[in-house]
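Here are the chains, one letter per residue:
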There are 2 protein chains.
Amino acid sequence: MPKKSAGLILKPRWRIVRGAETALGPGRVDLLEHIAETGSLRSAAARMEMSYMRAWTMVRSLNSRFRRPLVEAVRGGKTGGGARLTEMGRAVVVSYRKMEMQSQKAVKGTWEKLQRLLQP
Amino acid sequence: MPKKSAGLILKPRWRIVRGAETALGPGRVDLLEHIAETGSLRSAAARMEMSYMRAWTMVRSLNSRFRRPLVEAVRGGKTGGGARLTEMGRAVVVSYRKMEMQSQKAVKGTWEKLQRLLQP
């Protein structure tokens, strides 16, 4: 049996769509996680090499597509304000990452077979 | 419990990557299926609203990434030549579609939960 191909990665890129519009996908989930980690929309945008305006538009779109906002502003304090995930925001990230893990596990055997067809 | 959101679709878009390069993704698999159905690279490209050149480049790239070509030319005959999937080409499409089905099944419960957080 040939050796498995080196450096090949299988990525599930789950996308929730309605018609031509994407409600949630890997980029938006990454943005939510960066907001959670940095406490700042500006820092999260910078980490993703994305303009602040683009990140802000993504957050506004996310907030409008869910039953309650996923991101909220934090005003005042020493840092002069920031952003954080709401309880619903955290729940959405957890569910999305769970789907990734569940699906990686489910396809393991098929992926191993497919991998053997690829150039090493 | 709120009703499920209407018109929302969850799509697994599996991508096999090596570094920054994509070896296989949903677009290439669609192209392979269209070639199998039409017996022609030109018709497959037209169905995907893609230029012939772009489709040809995708096929050349696919053929080089797998241990054996996925698509082969069919010369002669009344139709003046066409394209078809090799045995390996068919195996790759079957495995990819199988991964999609396996992963949809695996995430069903989590997706139902996530769906209830979205605007109906």
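Numbering of residues starts from 1 in every chain and runs along the sequence as written. Whichever chain is written first becomes A and whichever ligand is written first becomes 1, with later ones labelled in order. Note on the predicted model: pLDDT of at least 70 is required for a residue's local features to be given, and 80 or more for side-chain atom pairs to be given and counted; whole-chain, interface and lining totals, by contrast, use all residues. For the side-chain quantities, the full set of heavy atoms in the structure was used; hydrogens and water were omitted.

Trainee: What's the story with the overall build of chain A in this structure? I'm lost.
Mentor: Numbering goes from the N terminus for both helices and strands, where a helix is a DSSP run of H or I of at least four residues and a strand is a run of E of at least two. Secondary structure summary: chain A contains five helices and five strands in total. For chain A, the sequential pattern of α-helices and β-strands runs β-β-β-α-α-α-β-β-α-α. In this treatment the radius of gyration is a C-alpha quantity, and the globule benchmark scales as 2.2 Å times the residue count to the 0.38 power. Computed over its C-alpha atoms, the radius of gyration of chain A comes to 18 Å, more than 25% above the 14 Å expected for a compact globule of 120 residues. Each of the three principal axes of chain A carries a C-alpha extent, and together these read 60 × 30 × 25 Å.

Trainee: Looking at this structure, I do not really get the confidence of the model for chain A. What am I missing?
Mentor: Any region with low pLDDT has predicted coordinates that should not be read closely. All names here are of chain A. Residues at a pLDDT of 70 or more form 90% of chain A, whose mean pLDDT is 91. Summarising per-element confidence for chain A, the mean pLDDT is lowest in strand β3 (residues 21-24) (93) and highest in helix α4 (residues 87-106) (98). Predicted complex metrics record ipTM = 0.88 and pTM = 0.88. Known as pLDDT, the predictor's per-residue confidence is scaled from 0 to 100.

Trainee: Help me understand the interface of chain A and chain B in this model?
Mentor: Frequently, the measure chosen for interface size is the accessible area removed from exposure when the parts meet. A contact between two residues is defined here by any heavy atoms of the two lying within 4.5 Å. In this complex, chain A contributes 41 residues to the contact, which on the side of chain B involves 41 residues. Basic side-chain nitrogens of Lys or Arg form a salt bridge, by our definition, when they fall within 4 Å of a carboxyl oxygen of Asp or Glu. Seen at the junction of chain A and chain B, the total is zero salt bridges. Contributing elements (two or more residues each) for the side of chain A that touches chain B: β1 (8-11), β2 (15-18), β3, α3 (52-65), α4 and α5 (108-115) of chain A. Gly counts as polar in this scheme, as do all residues outside two lists: the nonpolar Ala, Val, Leu, Ile, Met, Phe, Trp, Tyr, Cys and Pro, and the charged Asp, Glu, Lys and Arg. Looking at side-chain class alone, the side of chain A that touches chain B contains 23 nonpolar, nine polar and nine charged residues.

Trainee: What should I look at first to understand the relation of the copies chain A and chain B in this one?
Mentor: Between the two chain copies there is a screw-like relation: a rotation about an axis and a shift along it. To superpose the copies, least squares is applied to the C-alpha atoms of every residue with a pLDDT of at least 70 in both. Rotating chain A by 180° and moving it 0.0 Å along the rotation axis overlays it on chain B with an RMSD of 0.0 Å. Viewed as a symmetry operation, the transformation between the two copies matches a two-fold axis. By residue overlap, the copies meet face to face through one surface: 100% of the interface positions of chain A are interface positions in chain B.

Trainee: Explanation requested: the packing of aromatic side chains in the structure shown.
Mentor: Ring pairs (aromatic) are described by centroid distance and by the angle formed between their planes. A pair of aromatic rings is counted whenever rings of Phe, Tyr or Trp (Trp by its six-membered ring) have centres within 6.5 Å, and the orientation is called stacked for planes under 30 degrees apart, edge-to-face for over 60 and tilted otherwise. The tally for this structure, following the rule as stated, stands at zero aromatic pairs over all chains. One Lys or Arg, R42 of chain A, reaches over the ring of Y52 of chain A and ends 4.1 Å from the middle of that ring. In this scheme, the term charge over a ring applies when either NZ of a lysine or CZ of an arginine sits within 6 Å of the ring centre and within 35 degrees of the ring normal.

Trainee: It is not clear to me how the side chain of R97 of chain A should be interpreted in this structure. Could you clarify?
Mentor: All names here are of chain A. Structurally, the position occupied by R97 is in helix α4. Within polar-contact distance, the side chain of R97 engages the side chain of E33 at 2.9 Å. Ignoring sequence-local partners within four residues, the contact set of R97 consists of V29, D30 and E33. By the criterion applied in these results, polar contacts are pairs of N or O atoms within 3.5 Å in which, for protein atoms, one can donate a hydrogen and the other can accept it, and in which residues neighboring in sequence qualify only through two side-chain atoms.

Trainee: Help me understand the sheet that holds β1 of chain A in this model?
Mentor: Two modes of strand pairing occur in sheets, parallel and antiparallel, and in both the strands are linked by backbone hydrogen bonds. The antiparallel open sheet is built from three strands, whose spatial order is β1(A)-β2(B)-β3(B). Single-partner strands in this sheet number two, and they are β1 of chain A together with β3 (21-24) of chain B. Here the average twist between neighbouring strands, direction ignored, is 40°. The sheet contact formed by strand β2 (residues 15-18) of chain B and β3 of chain B spans three bridges and is antiparallel. Whether two strands pair comes down to DSSP finding at least two bridges between them. Here the axes come from fitting lines to C-alpha atoms, over the contacting stretch only for helices, and the angles between their N-to-C directions go from 0 to 180 degrees.

Trainee: Looking at this structure, how should I read the sheet that holds β3 of chain A?
Mentor: Taken together, the three strands give an open sheet; going across it, the order is β3(A)-β2(A)-β1(B), and neighbouring strands pair in antiparallel fashion. Two strands close off the open sheet at either side, each with one partner strand: β3 of chain A together with β1 (8-11) of chain B. When strand polarity is set aside, the average angle formed by the axes of neighbouring strands in this sheet is 40°. Here β2 of chain A runs beside β1 of chain B; their pairing, made up of four bridges, is antiparallel. The residue bridging V17 of chain A from the neighbouring strand is I9 of chain B, located in β1 of chain B. Those strands touched by helix α5 (residues 108-115) of chain B are β2 and β3 of chain A together with β1 of chain B, and its axis lies near 145° from that of β1 of chain B.

Trainee: Is there a simple way to explain the packing of α5 of chain A against helix α4 (residues 87-106) of chain B in this structure?
Mentor: For any two helices packed against each other, one specifies the crossing angle of their axes together with the interaxial distance. α4 of chain B packs onto α5 of chain A with a crossing angle of 160° between their chain directions and a minimal axis gap of 9 Å. With respect to each other, α5 of chain A and α4 of chain B are oriented roughly antiparallel. The two elements α5 of chain A and α4 of chain B cross, and the hand of that crossing is left-handed. When α5 of chain A is examined against α4 of chain B, the residues T110, W111 and L114 of chain A are found in contact with a partner set consisting of V92, S95, K98, M99 and Q102 of chain B. Taken together, the residues that form the contact of α5 of chain A with α4 of chain B break down as four nonpolar, three polar and one charged. For classification purposes, angles smaller than 35 degrees are called roughly parallel, those larger than 145 roughly antiparallel, those between 65 and 115 roughly perpendicular, and all remaining angles oblique. Crossing handedness: left-handed means the near helix sits turned counterclockwise from the far one by under a right angle, and right-handed means the same turn made clockwise.

Trainee: Sorry if this is basic, but what is going on with a nonpolar patch on the surface here?
Mentor: On the surface, a cluster of nonpolar side chains totalling about 310 Å² of accessible area is made up of Y52, M53 and W56 of chain A. Residue placement: Y52 of chain A occurs in helix α3. Each patch is built from salt-bridge-free residues with over 30% relative accessible area, joining like charges within 9 Å and nonpolar side chains (Val, Leu, Ile, Met, Phe, Trp, Tyr) within 5 Å. The accessible surface values rely on the Shrake-Rupley method and a 1.4 Å probe; as for residues, cover is taken only from the protein chains in view.

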